[in-house]
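Structural characterization, general
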Amino acid sequence: MIELTVNGEARSHAGDPAMPLLWYLRDSLGLTGAKYGCGVGLCGACTVHLEGDAVRACLVSVADAAGKSVVTVEGLDPAGDHPVQQAWRNLNVPQCGFCQTGQIMQAAALVARNPAASDEEITEAMSGNICRCGCYQRIHAAVRQVVGGA
Amino acid sequence: MLGYLKQEFAGREGPATPQATGAESPVVASLEKIDRRRFLQLTGAAGVFAVALRVLPAEAMEPYPTGAAGMPNGTVADPHVFVAIAEDGTVTIVAHRSEMGTGSRTSLPMVVADELEADWARVRVVQAPGDEPRYGNQDTDGSRSLRHFVQPMRQCGAALRAMLEAAAAAEWGVDPGRVRAVDHEVVLLGDTSRRLGYGALAAAAMAQPVPPFDSLRFKPESEFRYIGKGEIAIVDLRDITTGTASFGADPRLPGMKVAVVARPPVVGGTVKSYDASETLKLPGVERVVEIAGSTPPAKFAPLGGIAVVADNTWTALQGRNRLRIEWDDGPNGGYDSTAFEAAMRETARKPGKAIRTQGDPEAAFAAAERVVSAEYYQPHMIHAPMEPPVAIASVTADRAEVWAPVQSPYGTRQDVAELLGLPIEAVTVNVTLLGGGFGRKSKCDYVQEAALVSKAVGAPVKLQWTREDEIRHGFYHTTSVERIEAAIDGAGKVSGWRHRSVAPSILSTFAPDSGYQFPIEHGMGFVDMPFDIPNVACENGQAMAHTRIGWFRAVSNLPRAFAVQSFVGELAYALGRDPKEMLLELIGPARVIDPAAAGMPEDFWNYGEPYESFPIDTGRLRGVVELAAEKAGWGKALPEREGLGIAAHRSFVSYIASVVHVKVGEDGTISVPEVTTAVDCGFCINPERVASQMEGAAVMGMTLALHSAVTYARGRVEQSNFYDYEMARMDRYPGKVGVHIVEHPFSVHASGVGEPGLPPFAPALANAIFAATGKRLRDLPFGERIA
Ligand code: FES
Ligand code: FES
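Residues numbered from 1 in each chain as written. Chains lettered and ligands numbered in written order. Predicted model: local features only at pLDDT ≥ 70, side-chain atom pairs only at ≥ 80, totals over all residues. Heavy atoms only, no water.

**A look at the overall build of chain B**
Our working rule: Labels follow the DSSP assignment, with helices taken as runs of H or I lasting at least four residues and strands as runs of E lasting at least two, numbered in each case from the N terminus. Between the two quantities, the radius of gyration covers C-alpha atoms and the globule rule is 2.2 Å times the number of residues to the power 0.38. The cut-offs for exposure are 20% and 50% of the maximum accessible area for each residue type, with area from a 1.4 Å probe on protein chains only; residues under the lower value are buried, those over the upper are exposed, and the others partly exposed. Note on contacts: a residue pair is in contact if any heavy atoms of the two residues lie within 4.5 Å. Only the protein chains shown count as covering a residue, and every accessible area follows the Shrake-Rupley method with a 1.4 Å probe. The positive count covers Lys and Arg only, the negative count covers Asp and Glu only, and His and the chain ends enter neither. Lysine's charge is taken at NZ, arginine's at CZ, aspartate's at CG and glutamate's at CD.
A count of helices and strands for chain B gives 21 helices and 27 strands. Expected size for 787 residues packed as a compact globule is a radius of gyration near 28 Å; at 27 Å, chain B falls within 12% of this value. The C-alpha extent of chain B, read off along each of the three principal axes, is 80 × 75 × 50 Å. Within the span of chain B, comprising 787 residues, buried residues form 66% of the whole. Sequence separation of at least 24 residues holds for 80% of the intrachain contacts in chain B that already meet a minimum separation of 6. Working note: accessible area of chain B is about 25,500 Å², and carbon and sulfur atoms make up 50% of it. Each charge class in chain B was averaged separately, 77 positive and 94 negative side chains, and the resulting centres sit 3 Å apart.

Quick look at the structure:
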């Protein structure tokens, strides 16, 4: 039995310890904010926070998360009004929206770690997240809005 | 597209005759009236976005015929179908087109709300299930949602506004001429104390007869509150940013299983034998189900294979890995894309089937002082929407219900009904948000698979495709060789044009393959070539399909615009001309092209639109060339190894030009600091979403130009995930995309937006790379760096 914390709640998992966190969150817990886009760490659609770091939930197993704290987009802010979420709304960032929860979790980890990120640092931090619709210009501008200096 | 195909096969009905309208006083609309600060904030980059302002003539709302009349189930404008008003005044508007990122789920209800004089803050939007007899056509493709439904949605809103006014007039016992609907309530003119909210009037209003079109009073453009402004957020914005928006994989049904399918690696292949014993030993695996295969042409029938059904996704995937399957590859087992490319080039060097002949091209070439020729290649591509195909189906003996991200909800419903042998009334298709579509989700094979597996296991099933499945088992953008030759006369003018197009046809997915393309493909940047050249030959050479060919955002326009617009750059170089001036000279004077006089075929396909409503207007094509060039600073001095390239293309009856600014590093690395795009999409309903489509098209354009190639060996797709089918990322996207929209009144008909931004990008980039380095790239994709 694996114990972990998800969005502040104690959770346990009795199944295959190798199950990726992504499928545990989605299938077992019904938390569908993290999305499946590639399954191999190449797109960032599944991004969640593990002990505050942005990680790819498709690459982290439930066993890897044992005893640790996981935050998904559903738990990012109790009212859904994290500054990153607000900036996304200010700029009407999404097109289809599918990649955006992963983008937001990636950006939220960045601004927590580096509240004065430069344009290059934003680009570097966000380049692991694919947006097939091509919202990068607005994603960059939204992160810029949060860290200031625009 | 599917609708177009149906149209093609069924024979087209004539367009509806426009009716007279009770027009309001003429007004002058101007984007000066919009809240520019909010607009810039929404577009996310103040200073990047600008709108070309133009003094507009006074306009009244005049109806016009569109291709919607020829689409299956046409249009519906009945307020009872699209709008409900609750007692508390909440207005619920139905979005009947699928939302895949263009914003139509916001923009069409916004059109209703504006004509209805509803307060957008009190509007909610609900998604229609697949039901075309009720809602009108729902095939969300072909960049048609706003083009075909802006008129019916205006009519719907105006009719309900009239019904609310009639209900209030009856309540007050006054002449309807004395009341006016304004901002979610009806007021008595001249007595401001008399007002009734929409909620209070709802029941009586809905009981009113729906007024006929020609009795309606439409809002003058100057009174639009939302249309043309670009100030409202997409309706799903909050849900998307909080993770509560529901995409295809997100609904949960009690007792739902998860299935993944092992499909034949070659199209048309079958299962020879299989052993699932190791799979079935895995705890959590419940069943394996064999799905019958299909032989092309099979439309959207499943490819067949073995489905593994488990209690969660991870276990289903593990179970699939343990299957041992022996495949029979069938007739496509020898498909090799390198050999096929060589064969297509051979074909393109010989005369093909004449599709368009204008003047005497043979004589022009015989008399030419010199001939310039070039050959362009585009490989297969796959859509790669961020959300791979997925569908949930719950099938019982006499009913089926589906939840799925589909572009064609009613087509899906018809296909599922036929597959299961159920009457259409027994099938429900609920449409989730689509995590991208790009044409892939018009093809419902994944829904059919879900329905078959649910039926077999007697439980609701979510059928999930992996990224590898998506890349290896899709419907591929065709591969093509486009060869163009130009005859140059003694005066240095282009006197003859010969374009040979060789590409497997989409038609091969629907009908026995002739190897020749059909009018819909001919109409996309081939026979509609708008240049002012007296002698033209467009020929189509034969190429048989060896995989499933399907439409991909912008379809045949991609290889054609790449070839034609790259070739313009080559001609400019050959003749020592400035590329933009060369392009304008070839386009020639502003005029409306007469297709017959230009030798275009009798079955010339104009995106399904009546030509009178959406003619080829070279003045508008010139306009976007001039606008993009001006905004990009065409002709400005640039450092070494930097260059500007321009391309312009009409598609989906819109006109787009892009100028790409490229920097080529010493090691050949291609980067694009800026793209400038000018858009003429007629009357612009939601400029903010038009801008977002153009921004996105530049990114997807970059992906296609640099990376996108699906290749085949032994009939098998060689790519599998984002490491070998790469996407442009933030570190390799055009740093800044400036979008400039040509402003028009409603009388310049709203045209396509979702697709037409894409075709100009690759040729503009190729032309820019030539300007920067003198290297001409004719084969897509270019790779991250040039040699
Ligand atoms: S699904 Fe995890 S990185 Fe793509
Ligand atoms: S918004 Fe569609 S993939 Fe990013």
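And the narrative resumes.
**Concerning the environment of Gln106 of chain A**
Residue and element names in this part refer to chain A. Mapping Gln106 onto the fold places it in helix α3 (residues 100-113). Residues Gln106 and Met126, spaced 20 residues apart in sequence, show a C-alpha to C-alpha distance of 6.8 Å. Setting aside chain neighbours within four positions, we find Gln106 in contact with Thr47, Ala54, Arg56, Ala125, Met126 and Asn129.

**Structural notes on a negative patch on the surface**
Put simply, the rule is: Patch definition: residues above 30% relative accessible area lacking any salt bridge, with like charges linked at up to 9 Å and the nonpolar side chains Val, Leu, Ile, Met, Phe, Trp and Tyr linked at up to 5 Å. When a carboxyl oxygen of Asp or Glu lies within 4 Å of a side-chain nitrogen of Lys or Arg, that pair is called a salt bridge.
Taken together, the side chains of Glu120, Glu121 and Glu124 of chain A together with Asp731 of chain B present a region of like negative charge at the surface. For Glu120 of chain A, the position within the fold is in helix α4 (residues 119-126).

**Side note on unusual backbone geometry**
All names here are of chain B. Each neighbour pair has its own omega, and for Pro296 with Pro297 the value is -5°, a cis peptide bond. Along the chain, the position of Pro297 falls in the loop between β10 (285-291) and β11 (305-310). Notably, Phe438 is not glycine yet its phi reads approximately 60°, a positive angle. Tracing the sequence through the fold places Phe438 in the loop between β17 (427-431) and α14 (445-457). A residue is classified by how much of its surface remains accessible, and Phe438, at 11% relative accessible area, is buried. In the Ramachandran plot, Arg714 falls in the positive-phi region, its phi being about 50° despite a non-glycine side chain. Checked against the element boundaries, Arg714 lands in the loop between β25 (712-713) and β26 (716-717). By relative accessible area, which is 56% here, Arg714 ends up exposed.

**Structural notes on the interface of chain B and chain A**
Keep this limit in mind: For any pair of parts, buried area is found by adding up, for both, the accessible area (1.4 Å probe) each one loses once the two are put together. For this analysis, a polar contact is any N or O atom pair within 3.5 Å, provided that within protein one partner can donate a hydrogen and the other can accept it, and provided that sequence-adjacent residues contribute only side-chain to side-chain pairs.
Of the residues lining the interface, 68 residues belong to chain B; the matching set on chain A comes to 55 residues. Carbon and sulfur atoms make up 56% of the surface buried where chain B meets chain A, a total of about 4,800 Å² over both sides. Area buried by chain B at its contact with chain A is led by Trp314, Met386 and Met730 of chain B, which between them contribute 18% of it. Here chain B and chain A share five salt bridges between them. The closest approach of N and O atoms between Asp250 of chain B and Arg26 of chain A, which form a salt bridge, is 2.6 Å. At the junction of chain B with chain A, the criterion picks out 31 residue pairs in polar contact (both at pLDDT 80 or more). Counting only elements with at least two residues in the side of chain B that touches chain A, the list comes to α2 (36-43), α8 (237-242), α10 (313-321), β18 (461-464), α15 (467-472) and α20 (687-706) of chain B. It is α20 of chain B that provides the largest number of residues to the side of chain B that touches chain A, a total of 10 residues.

**Here's the deal with the domain arrangement of chain B**
A common way to report how large an interface is uses the accessible area buried once the components associate. Residues and elements named next belong to chain B. Condition: Domain start and stop points were drawn from an automatic or database domain assignment. Note on residue categories: nonpolar means Ala, Val, Leu, Ile, Met, Phe, Trp, Tyr, Cys or Pro, charged means Asp, Glu, Lys or Arg, and polar means any other residue, Gly included.
When cut into domains, chain B gives domain 1 (75-242), domain 2 (257-331 + 389-464) and domain 3 (337-382 + 475-773). Taken together, the contact pairs 24 residues of domain 1 with 23 residues of domain 3. At the boundary of domain 1 with domain 3, total buried surface from both sides reaches about 1,700 Å², with 58% on carbon and sulfur atoms. Our enumeration of links across domain 1 and domain 3 arrives at one salt bridge. A salt bridge links Glu609 to Arg147; the nearest nitrogen and oxygen atoms lie 2.8 Å apart. Between domain 1 and domain 3 we count nine residue pairs in polar contact (both at pLDDT 80 or more) in total. Of all the secondary-structure elements, those providing two or more residues to the side of domain 1 that touches domain 3 are α4 (104-116) and α6 (145-172). Sorting elements by how many residues they give to the side of domain 1 that touches domain 3 places α6 first, with six residues. Split into classes, the residues belonging to the side of domain 1 that touches domain 3 amount to nine nonpolar, 10 polar and five charged.

**Regarding the sheet that holds β18 of chain B**
Residue and element names in this part refer to chain B. Quick reminder of the rule: Following DSSP output, two strands are said to pair if at least two bridges run between them. Axis definition: a line fitted to C-alpha atoms, limited for helices to the stretch in contact. Angles are taken between N-to-C directions and run from 0 to 180 degrees.
If you trace the seven strands from one edge of the open sheet to the other, you get β10-β11-β8-β18-β15-β16-β17, paired in mixed fashion. Since the sheet does not close on itself, it has two edges, and those belong to β10 and β17, each with one partner. Looking at each pair of strands side by side, their axes are set apart by 20° on average, direction ignored. Of the strands in this sheet, β8 (257-262), β10, β11, β15 (390-395), β16 (400-404) and β18 are in contact with α14, which crosses β15 at around 35°.

**Remarks on the environment of Gly190 of chain B**
As for its position among the elements, Gly190 of chain B is in the loop between β6 (185-188) and β7 (191-197). The sequence separation of Gly190 of chain B and Gly284 of chain B amounts to 94 residues, and the corresponding C-alpha distance is 73 Å.

**Thoughts on α4 of chain A**
Residues and elements named next belong to chain A. As a reminder, the rule being used: Taking the helix axis as origin, the arc is that swept by the directions to the C-beta atoms.
Where α4 is concerned, the buried positions are Ile122, Thr123, Ala125 and Met126. One side of α4 carries all its buried residues, which in axial view fall inside an arc of 170°. Among the exposed residues of α4, those oriented more than 90 degrees off its buried face are Glu120 and Glu124. For α4, the elements touching its buried residues are α3 and α5 (136-147).

**Details of the domain arrangement of chain A**
Residues and elements named next belong to chain A. Once the domains are mapped, chain A shows domain 1 (2-76) and domain 2 (83-146). Look at where the C-alpha atoms of domain 1 and domain 2 centre, and you get two points 20 Å apart. In this assembly, 17 residues from domain 1 lie in contact with 12 residues from domain 2. For the pair domain 1 and domain 2, the two sides together bury roughly 1,200 Å², of which 62% comes from carbon and sulfur. At the boundary of domain 1 with domain 2, the tally comes to zero salt bridges. Our count for the contact surface shared by domain 1 and domain 2 stands at five residue pairs in polar contact (both at pLDDT 80 or more). When residues of the side of domain 1 that touches domain 2 are traced back to their parent elements, those giving at least two are β3 (47-50) and β4 (53-56). Per element, the largest residue contribution to the side of domain 1 that touches domain 2 is three residues, and it comes from β3. For the side of domain 1 that touches domain 2, the residue count by class is nine nonpolar, six polar and two charged.

**Some thoughts on the packing of aromatic side chains**
Residues and elements named next belong to chain B. Under the convention used in this document: Two rings from Phe, Tyr or Trp (for Trp, the six-membered ring) form a pair when their centres sit within 6.5 Å of each other. Planes less than 30 degrees apart are called stacked, planes more than 60 degrees apart edge-to-face, and all others tilted.
On inspection of all chains with the given rule, the structure shows 25 aromatic pairs over all chains. Relative to Phe746, the ring of Tyr64 lies with its centre 6.2 Å away and its plane at 55°, an arrangement referred to as tilted. Remark: Phe746 occurs in the loop between β27 (737-742) and α21 (761-773) and Tyr64 occurs in the loop between β1 (50-52) and α3 (79-82); sequence separation between them is 682 residues. For the pair formed by Tyr64 and Phe746, the shared burial category is buried. With centroids separated by 6.1 Å and ring planes inclined at 45°, the aromatic side chains of Phe562 and Phe782 adopt a geometry described as tilted. Placement of the pair is Phe562 in helix α17 (residues 557-575) and Phe782 in the segment after α21, with a sequence separation of 220 residues.

**Considering the confidence of the model for chain B**
Residue and element names in this part refer to chain B. The criterion, for reference: Each residue carries a pLDDT value, the predictor's own confidence for that position, ranging from 0 to 100.
Averaged over all residues, the pLDDT of chain B equals 93, while 92% of them reach at least 70. Scored below 50 in pLDDT, residues 1-59 shows 165 contacts in the model against residues more than four places distant or in partner chains. Across the assembled chains, the prediction reports ipTM 0.99 with pTM 0.94.

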